[in-house]
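Chains, contacts and geometry: an overview
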Amino acid sequence: MGCSLSTQSLVLVSKYTEDQNTDRKSLISFKSALKNPKVLSSWNRTSHHCSWVGVSCHLGRVVSLILSAQGLEGPLYPSLFDLSSLTVLDLSYNLLFGEVPHQISNLKRLKHLSLGDNLLSGELSSELGLLTQLRNPTTRYQLVLRENSSGAWELLDLGNNLLSGSPVTLFKLESLTSLDISNNSFSGPIPPEIGNLKNLSDLYIGINLFSGPLPPQIGDLSRLVNFFAPSCAITGPLPEEISNLKSLSKLDLSNNPLKCSIPKSVGKMDSLSILYLVYSELNGSIPAELGNCKNLKTLMLSFNSLSGVLPEELSKLPMLTFSADKNQLSGPLPAWVISLSSNVLSGEIPRELCNAVELVEIDLDGNFLTGGIDDVFLKCTNLSQLVLMNNQINGSIPEYLAELPLMVLDLDSNNLSGNIPVSLWNSLNLMEFSAANNFLEGSLPAEIGNAVQLERLVLSNNQLGGIIPKEIGNIISLSVLNLNSNMLEGNIPVELGHSVALTTLDLGNNQLSGSIPEKLADLVQLHCLVLSHNKLSGSIPSKPLYFREASIPDSSFFQHLGVFDLSHNMLSGSIPEEMGNLVVVVDLLLNNNKLAGEIPGSLSRLKNLTTLDLSGNMLTGSIPPELVDSSKLQGLYLGNNQLTGTIPGRLGGLCSLVKLNLSGNQLHGPVPRSFGDLKELTHLDLSYNELDGELPSSVSQMMSLVGLYVQQNRLSGPLGELLSSSMAWKIETMNLSNNFFDGNLPRSFGNLSYLTYLDLHGNKFTGAVPVELGNLMQLEYFDVSGNMLSGKIPENICALVNLFYLSLAENSLEGPVPRSGSCLNLSRISLAGNKDLCAGILGLDCRIKRFNKLYFLNAWGLAGVAVGCMIVTLSTALALRKWIMRDSGQGDAEKIEERKLNSFTDQNLYFLSSRSRLKEPLSINIAMFEQPLLKTTLIKKGQTADVLDPTVLSADSKPMMLQVLQIAAVCMSDNPADRPTMLKVLKFLKGIRDELV
């Protein structure tokens, strides 16, 4: 018997030793698989494994492994799951990756598993559902846990990973009391098996990719206390069974597309204390039944489409926080309300609001509230936060606000006027005071220095005047000071340098003068400095300590991180080389000053720089090619300086560049071909320089380009290659004027369908205006004046409906001006200097133009024939008139006149235009007869008489005169073969005379 016991003891000892060795080997294998095994340096071969960091043992066996937040990087090595006695495994907050191995099911004694906040991915193995022992740790192991860590313990924590698929296998673990699978990529409908977890008290499933509504089985979780399911794509309607969750205290379904109303059954959840339904696309009204939730202290319903009035039943709840911002609630403001920002509430704020003396916070931002606040909040003796911004509140800021324990007072964007109460600066609690965008006036008193707790002061866009008191430097806790857009004057107080906590200082758009205090450069936490649009002079502080290292600023600071704006002042001197040390600078704006010297190459060290604006100064030298090292640069503005040299080709390496302006300098040489690599560039302005050579075709590879400005340079050559990729180009504005571009206008211009502004004037383009330009339906401005274009004006260009200005002046265009669109409006078209244009708004008949050109200028022989016909016709007409006058018995005075016309070789001829001796001298110039004769050939049948002089027209003479004009028209025929001989003309005239006689 003794031998038997001894043998059994030996076996147990041997097994015990073997298991210990197995545990040690498992831990060593896990460490070896890590990418950074040195973080577990205490796990060595010389010490016992039970003494290693994170390891807890019982009787030599590993029962707990807690390595949370150790920076472990690597896979979950399967050897870890050979720790057969393990009951607690916590590897959360590390960098573990890969899938959760199926061998995890070997841990039959595991009761607590926390793998949250890692990089684990893939789907969960179905064998994970075999860990049926998972539940709250027993008392013995709770003691172990408390010795190794602190805080509340989760039972199964897989949250904040990259896991996918369905979590249905986890819903087999019926003993679970806490489950966290939030912030993963689980998808599909939430399985009804979730109802198996009847012992669950905490459930976190938010931020996943689920679909469909909550299953009715959710109502079976009768012990559930906390249910958080935000942002997991759950849809409505909410099941009525949710009212069975009698123990539920906190419910968060925010950021889900519920698209339903709040069920009235929620009123049955007696234990509910916190309800979050923000951004849930809720509609309908707020149910009065919510008033039955007697423990409800926080109700968040913001950013939905709720409508109607707020139920009075909610006033009976012990709510400390209520928010229904950005809904469509209407009606008067209830006296019990706390936060209802961004609704359409109107009217005055009820004075009964402060009957609830326990009110601590009131937020009514973004409504249409009116009236004053003279005594509205007088009884809110516990009020610490008052937000009334973006309303229509008027009147002055009341004195009594200084007596309330306010920590936050936000009155932005109202109609407040008058002075700021001096007593407000004596508040010992006020930490944030904002009253921007009002009509406040007066000056800032010296008492402002008494507000020693103030951290944020924003009074921009008011009418404050006077100086900035030096006492403001007493507020050493001040983090944000914004006095932009007032009428402040005088110097910037040196004492501001004592406000060592300043992160944002905005004094722009005032009338401040003097120099920038050197002391400001010592504000090491300053990361936003705006002094623009003032009258500051002197130099930029040369040894800055600001903009060096980022600290943790207040929330408003993030909007202005890294802004250094001294623009629109009168600063002089050079740009300090030390500015290259301001590594936090994002926007460096020094434009419109009087800065001189060269651009320091040290600016290339600003790795966070996105905007550099040095335009409008007197900078000289060349553009530093080192600027390409500022890889985040999006806007580079160096225009209107005195820069010389060529444009560095390395600038083509600024891959993030969106806008580049180098205009108004003295740059020469070619446009770099490397600019074609600027794929993000939308605006390129190289105008008013001395650039030469051709515009490289690589410019057309800048597919994001919207505006191209190269006017007033010496660029030359054709444009055909530039527009080789025009079909894909989305350019809207192109100004190539006043250069030396030549050749034909490319037809591919017509492919630039986004083009609205095209200026090509002052070049050497030849050929015709392409009809394809009529395809530019968005075109509003087109100037091609001062070139050498020829041919006709395409009608479809005039018909462009958006074209408000068209200039074709100073070319060699010819032919008729189209009678449509812009070509009919003298205020919208310029045609001067095209001598061969006719018709349309010019008022000159194209037949006359053609006659002048073809007959008179170029065909002397034909002109002689026409002149001859005209002389014969006129002489015959005069003779006939003489016969008629004689036959009608007219007096001798007429005979005396007609004797003056005794020869066709006289230098002057007379054509009688009236019966009252009115005469017009007529030289032998065929141009004198063009207009009436051409009218005869163009008028409609039956309207020929409209060209006759009504003063000599009579019933007897009209037929004769019309026949004579017809003969004259035949003599003017375009076809010489159709013209009659002189003999035939005489026969025609004789026939007319005989007919009259």
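In case you missed it, the structure is sitting above this.
The residue numbering used here restarts from 1 in each chain and proceeds along that chain's sequence as written. With pLDDT at 70 or above as the cut-off, local features in this predicted model cover only qualifying residues; side-chain atom pairs require 80 or more to be listed or tallied, and sums for whole chains, interfaces and linings still use all residues. As a rule here, side-chain values come from all non-hydrogen atoms in the structure, and water together with hydrogens is ignored.

1. Description of the pattern of salt bridges
Put simply, the rule reads: Any carboxyl oxygen of Asp or Glu that lies within 4 Å of a side-chain nitrogen of Lys or Arg is treated as forming a salt bridge with it. Strands are runs of DSSP state E lasting at least 2 residues, helices are runs of H or I lasting at least 4, and numbering of each runs from the N terminus. In this scheme, a residue with accessible area under 20% of its type's maximum is buried, one over 50% is exposed, and one in between is partly exposed, where area comes from a 1.4 Å probe on protein chains only.
Using the criterion set out here, one finds 4 salt bridges in the structure. When the shortest N-O distance is used, the salt bridge between Asp-23 and Arg-61 registers 2.7 Å. Within this pair, whereas Asp-23 is found in helix 1 (residues 2-32), its partner Arg-61 is found in strand 2 (residues 61-66), the two being separated by 38 residues in sequence. In this structure, Asp-23 and Arg-61 share a single accessibility class: buried. A salt bridge links Arg-650 to Asp-629; the shortest N-O distance between them is 3.8 Å.

2. Some words on the nonpolar core
What counts here: Here, nonpolar core refers to any group of buried Ala, Val, Leu, Ile, Met, Phe, Trp, Tyr and Cys residues whose side-chain atoms link them within 4.5 Å. Throughout, a contact is declared for two residues whenever any of their heavy atoms are within 4.5 Å.
Counting 140 residues, the largest nonpolar core has Phe-377, Phe-433 and Met-734 as the members making the most contacts within it. Setting aside its immediate chain neighbours within four residues, Met-734 contacts Leu-708, Leu-723, Trp-729, Phe-749, Leu-752, Leu-755, Tyr-757, Leu-758 and Asp-759. Formed by 84 residues, the second largest nonpolar core is a distinct cluster that contains Leu-67, Leu-156, Phe-322 and Ala-324.

3. Considerations on the sheet that holds strand 29 (residues 439-440)
Applied cut-off: Pairing between strands requires that DSSP locate at least two bridges from one strand to the other.
In spatial order, the strands read 25-27-29; together these 3 strands make up an open sheet with parallel pairing. Of all the strands in the sheet, just strand 25 (394-395) and strand 29 have a single pairing partner and so form its edges. Relative to strand 29, strand 27 (residues 415-418) runs parallel, the two being bridged by 2 bridges. Bridging from a neighbouring strand, Gly-418 pairs with Leu-440 of strand 29.

4. Looking at the state of the cysteines
What counts here: Criterion for a disulfide: a pair of cysteine sulfur atoms at a distance within 2.5 Å.
Considering all chains together, one arrives at 2 disulfides under this definition. The disulfide bridge from Cys-50 ends at Cys-57, spanning 2.1 Å between sulfur atoms. With the S-S dihedral at roughly -100°, the linkage between Cys-50 and Cys-57 falls on the left-handed side. With a relative accessible area of 27%, Cys-57 lands in the partly exposed category. The disulfide that involves Cys-798 links it to Cys-823, with 1.7 Å between the sulfurs. The sign of the -50° torsion about the S-S bond sets the Cys-798-Cys-823 disulfide as left-handed. Taken together, the positions of Cys-798 in helix 3 (residues 795-798) and Cys-823 in the loop between strand 57 (812-816) and strand 58 (829-830) put the pair 25 residues apart, joining distant regions of the chain. Take Cys-798 and Cys-823: they sit in the same class, and that class is buried.

5. So, a nonpolar patch on the surface
Using the following cut-off: Like charges within 9 Å and nonpolar side chains (Val, Leu, Ile, Met, Phe, Trp, Tyr) within 5 Å are joined into patches, using only residues over 30% in relative accessible area that form no salt bridge. Per-residue and other accessible areas were derived by the Shrake-Rupley procedure at a 1.4 Å probe size, with only the shown protein chains allowed to occlude residues.
Where nonpolar side chains cluster on the molecular surface, the patch consists of Leu-95, Leu-119 and Leu-162 and spans about 260 Å² of accessible area. Take Leu-95: it is sitting in strand 5 (residues 95-98).

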